[in-house]
Amino acid sequence: MSSNNKIYRSIVSGVGASLPKEIVTNKDLSMRMDTSEEWIEERTGIKERRIASEGETTSSLGTEAAQIAINNSGLKNSDIDLIVLATATPDNTFPASATLIQSSLGIEKGYAYDMQAVCSGFVFAVEAADNAIKAGNIKNALVIGSETFSRILDWDDRSTCVLFGDGAGAMVLSASSDDTNRGVLSNHLHSDGRYKDLLYVDGGPSISNQVGFLRMDGKGVFKHAVHNLSSAIIEAIDYNDLTIDDIDWFVPHQANIRILEAVSKKVGLSKDKVIITLDKHANTSAASIPLALYEAIENDKIKKGDLVLLEAMGGGFSWGSTLIRW
Ligand code: COA
C-alpha cells in the first residue's frame, strides 16, 4: 500500500461489544460486604456491573466484541491485518491475548499484540493502529479493549472492589484515501510515572509469583484525573482549531460520574454530549470507551460526520485523547 504515495486515513468501519452474563448490583454487594447502594451510587454514579464467570476471559469477551465489530464493518475476518488489544488483565502473562483472539477469529496472517496502558489503553491502541494505517503498512486494524478486572480486585477492600466491572469493546479501523475529512483526526498521549503509587497492582511476574491486587488512593487519583482529562480535551480542540461547542460527542473513560461532571464544568462542556455507561458497567478500564461507543451507536446517537472525542486517564499515570470525524 505504501508504494503508491497515497495519503491514508483511518476510518471507523465497525464497532462491537461484549459483556459477561452475570449482573452484580450495588444491592448485591451491600449484602456481601460493609457498603450500601447509596454510598456507591452517590460517590461514583455506578448502579451495577458485569462480572465474568468461570470460562469468561479477557480473550473470550474480546473475541465476541471483535466478531461483532468485524460483522458491522462488512469485512471478513481474513481482511484484518493488525490486532491491538488494550488490556491490563491478559489471560496469561504470555502469549499476548491478542494472538489468542486472532486464533479464535481464524485469522492466520498479519500481526497481533497487547497494549498495556491500563484505563487509557484504548486510546493508546487506537493511536498505534492509526499510525500503522497512515504509514501504509496495513489496511484493516482491529482495536480491542477487553478486561476482567474482577480477577485482580481485593474483594475484602470495599474502597476499590465496588468500582470496577468486566467487559470488552472493539473497533475496526480501515484505511481510506477518499477526499472526505472523515477518520481519526488526532491522537495525543501522555504518561507520568511519578504517580505510580496512587494506582497499581501489588503483584506481577517480575516482582512476585502472584498476580496481585489493585491498590488505589482514590482521592489522589480523582484530583489528577480531573486535571489531566480537562487538559487533554483542551489540547485536542486547540490542535484541531476547534471550540468545545464543535464537538458532537464526548466518549470518556467511564470511572466516576463526579470526575466527568467536574471535567465538563471545567472545560464548559454540555452534559447532553457526554456518553455515560458507567451506571451499568462500572469502570471496565480499557474496555469502557468502546463499550460506551457501541451503546451510543446502537442508540442512534453517533452518526456519520459527527465529531467524536475519546479521552481517558489511568494508572501510571497515562492519559490522552483521540478525535474522530465519524
Ligand atoms: N462503602 C461504604 N463506605 C466506604 C466504601 C464503600 N464501598 N469505600 C470507602 N468507604 C468509606 C471510607 O472508609 C471513608 O470512611 P471514613 O470517613 O470513616 O474513613 C469514607 O467512605 C469516605 O471515603 P473517601 O475515600 O473519602 O471517599 P471519596 O469521596 O474520596 O470517594 C472514591 C472514594 C474511590 C469513590 C473516589 O475517591 C474516586 O472515585 N476516586 C477516583 C477513583 C478512580 O476513578 N479510579 C480509577 C481511575 S482509572
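Treat the numbers as computed from the prediction; the structure is a model and nothing was measured.

Draft legend 1. Representation of the packing of aromatic side chains. Enumeration over the complete set of coordinates arrives at three aromatic pairs. Ring geometry for Tyr-111 against Tyr-113: centres 6.4 Å apart, planes inclined by 15 degrees, an arrangement best described as stacked. The class of Tyr-113 is partly exposed, set by a relative accessible area of 28%. On the basis of an interplanar angle of 25 degrees and a centroid distance of 5.4 Å, the ring pair of Phe-149 and Phe-164 is categorised as stacked. Of this pair, Phe-149 sits in the loop between strand 6 (140–148) and helix 6 (158–161) while Phe-164 is found in the loop between helix 6 and strand 7 (166–176), placing the two residues 15 residues apart along the sequence.

Draft legend 2. How the structure looks around the sheet that holds strand 12 (residues 307–314). Reading across from one edge, 8-13-12-11 is the order of the four strands in this open sheet, with mixed pairing throughout. Strands with a single pairing partner mark the edges of an open sheet, and in this sheet they are strand 8 (183–191) and strand 11 (249–252). Strand-to-strand twist in this sheet, taken as the mean axis angle between neighbours without regard to direction, amounts to 15 degrees. Here strand 8 runs beside strand 13 (residues 318–325); their pairing, made up of eight bridges, is antiparallel. Bridge pairing in strand 13 links His-188 to Ser-321.

Draft legend 3. Region of the structure containing the site of the ligand. Neighbouring the ligand are 23 residues, the closest being Thr-35, Arg-43, Arg-158, Lys-219 and Asn-256. The side chain of Asn-256 places a nitrogen or oxygen atom 2.6 Å from an oxygen atom of the ligand. For the ligand, whose free accessible area comes to 970 Å², the fraction covered by protein is 72%. Elements supplying a minimum of two residues to the shell around the ligand: helix 2 (37–44), helix 6, helix 7 (218–239), helix 8 (257–267) and strand 12.

Draft legend 4. Main features of the sheet that holds strand 7. Strand order in the open sheet formed by five strands is 1-7-6-4-5, with mixed pairing between adjacent strands. Only two strands of the sheet have a single neighbouring strand rather than two, namely strand 1 (9–18) and strand 5 (111–115). In this sheet, neighbouring strand axes are inclined to one another by 20 degrees on average, regardless of whether the strands run parallel or antiparallel. Alignment of strand 6 against strand 7, held across nine bridges, turns out to be antiparallel. Along strand 7, the bridge assignment pairs Ser-146 with Ala-168.

Draft legend 5. Here's a closer look at unusual backbone geometry. In the segment running from Phe-94 into Pro-95, the intervening peptide bond is cis, with an omega of 0 degrees. You can see Pro-95 is positioned in the loop between strand 4 (82–86) and helix 4 (97–104). The amide bond that connects Gly-316 to the next residue, Phe-317, takes the cis arrangement and shows omega of -5 degrees. Looking at the secondary structure, you find Phe-317 in the loop between strand 12 and strand 13. The phi dihedral of Ala-282 falls on the positive side, at around 60 degrees, and the residue is not glycine. The backbone of Ser-285 sits at a positive phi, close to 50 degrees, despite the residue not being glycine. Following the sequence through the fold, Ser-285 ends up in the loop between helix 9 (278–281) and helix 10 (288–298).

Draft legend 6. Inspection of the packing of helix 7 against helix 8 at higher detail. Put simply, helix 7 and helix 8 touch, their axes get as near as 9 Å, and they point 45 degrees apart. Accordingly, the angle class assigned to the pair helix 7 and helix 8 is oblique. Judged by the sense of rotation from one axis to the other, the crossing of helix 7 with helix 8 is right-handed. When helix 7 is examined against helix 8, the residues Phe-222, Ala-225, Val-226, His-227, Leu-229, Ser-230, Ile-233 and Ile-234 are found in contact with a partner set consisting of Arg-258, Ile-259, Ala-262, Val-263, Lys-266 and Val-267. A breakdown of the residues in the contact of helix 7 with helix 8 according to their chemical character gives 10 nonpolar, two polar and two charged.

Draft legend 7. Spotlight on the pairing of strand 12. Taking burial as the measure, the eight residues of strand 12 include eight buried ones, the bulk of the element. Of the two faces of strand 12, the one carrying Leu-307, Leu-309, Glu-311 and Met-313 and the one carrying Val-308, Leu-310, Ala-312 and Gly-314 are both buried. As defined by bridge partners, strand 11 adjoins strand 12 across four bridges and the pair is classed as parallel. Looking at the pairing, Phe-250 lines up with Leu-309 of strand 12. Bridge count between strand 12 and strand 13: eight bridges; the pairing is antiparallel. The residue of strand 13 that forms the bridge with Ala-312 is Gly-320. Between the end of strand 12 and the start of strand 13, which pair antiparallel, lie three residues, with Gly-316 showing a positive phi angle near 135 degrees.

Draft legend 8. View of a negative patch on the surface. Taken together, the side chains of Glu-37, Glu-38, Glu-41 and Glu-42 make up a negatively charged region of the molecular surface. Within the secondary structure, Glu-37 sits in helix 2.

Draft legend 9. Molecular detail of the state of the cysteines. Under the definition given, this model contains zero disulfides. Of all cysteine sulfurs, the one in Cys-161 lies closest to Cys-119, which takes part in no disulfide; the gap is 16 Å. Cys-119 sits in the buried class, given a relative accessible area of 5%.

Reading guide: rules and limits
Within each chain, residue numbers correspond to sequence positions counted from 1 in written order. Whole-chain, interface and lining totals are the exception, using all residues; otherwise, since this is a predicted model, local features are given only for residues with pLDDT of at least 70 and side-chain atom pairs are given and counted only at 80 or more. As a rule here, side-chain values come from all non-hydrogen atoms in the structure, and water together with hydrogens is ignored. Pairing of aromatic rings covers Phe, Tyr and Trp, the last through its six-membered ring, and needs centres within 6.5 Å; plane angles under 30 degrees mean stacked, over 60 mean edge-to-face, and all others mean tilted. Think of it in three bands: residues with accessible area under 20% of the maximum for their type are buried, residues over 50% are exposed, and the middle band is partly exposed, with areas taken using a 1.4 Å probe on protein chains only. Numbering of helices and strands runs from the N terminus; a helix is a DSSP stretch of H or I covering at least four residues, while a strand is a stretch of E covering at least two. Two strands make a pair as long as DSSP finds a minimum of two bridges between them. Axis geometry follows a simple rule: fit a line to the C-alpha atoms, using only the stretch in contact for helices, then measure angles between N-to-C directions, giving values from 0 to 180 degrees. Being near a molecule or strand, for a residue, comes down to having at least one heavy atom within 4 Å of it. Two N or O atoms count as a polar contact when they lie within 3.5 Å, although within protein this holds only if one can serve as hydrogen donor and the other as acceptor, and sequence-adjacent residues are included solely when both atoms are side-chain atoms. A 1.4 Å probe and the Shrake-Rupley method give the accessible areas. Residues count as covered only by the protein chains that appear here. By definition in this entry, angles of less than 35 degrees are roughly parallel, angles greater than 145 are roughly antiparallel, angles of 65 to 115 are roughly perpendicular, and the rest are oblique. Note on convention: the crossing is left-handed when the near helix lies turned anticlockwise from the far helix by less than a right angle, right-handed when the turn is clockwise. For this analysis, residues touch if any pair of their heavy atoms sits within 4.5 Å. Each residue is assigned to one of three groups, with Ala, Val, Leu, Ile, Met, Phe, Trp, Tyr, Cys and Pro labelled nonpolar, Asp, Glu, Lys and Arg labelled charged, and all others, Gly among them, labelled polar. Patch membership is restricted to residues that have no salt bridge and whose relative accessible area is over 30%. Joining uses 9 Å for like charges and 5 Å for the nonpolar side chains Val, Leu, Ile, Met, Phe, Trp and Tyr. We define a salt bridge as a side-chain nitrogen of Lys or Arg found within 4 Å of a carboxyl oxygen belonging to Asp or Glu. For the purpose of charge, His is not counted, nor are the chain termini; Lys and Arg are scored as positive and Asp and Glu as negative. The atoms used to mark charge sites are NZ of Lys, CZ of Arg, CG of Asp and CD of Glu. A pair of sulfur atoms, both from cysteines and within 2.5 Å, is called a disulfide here.

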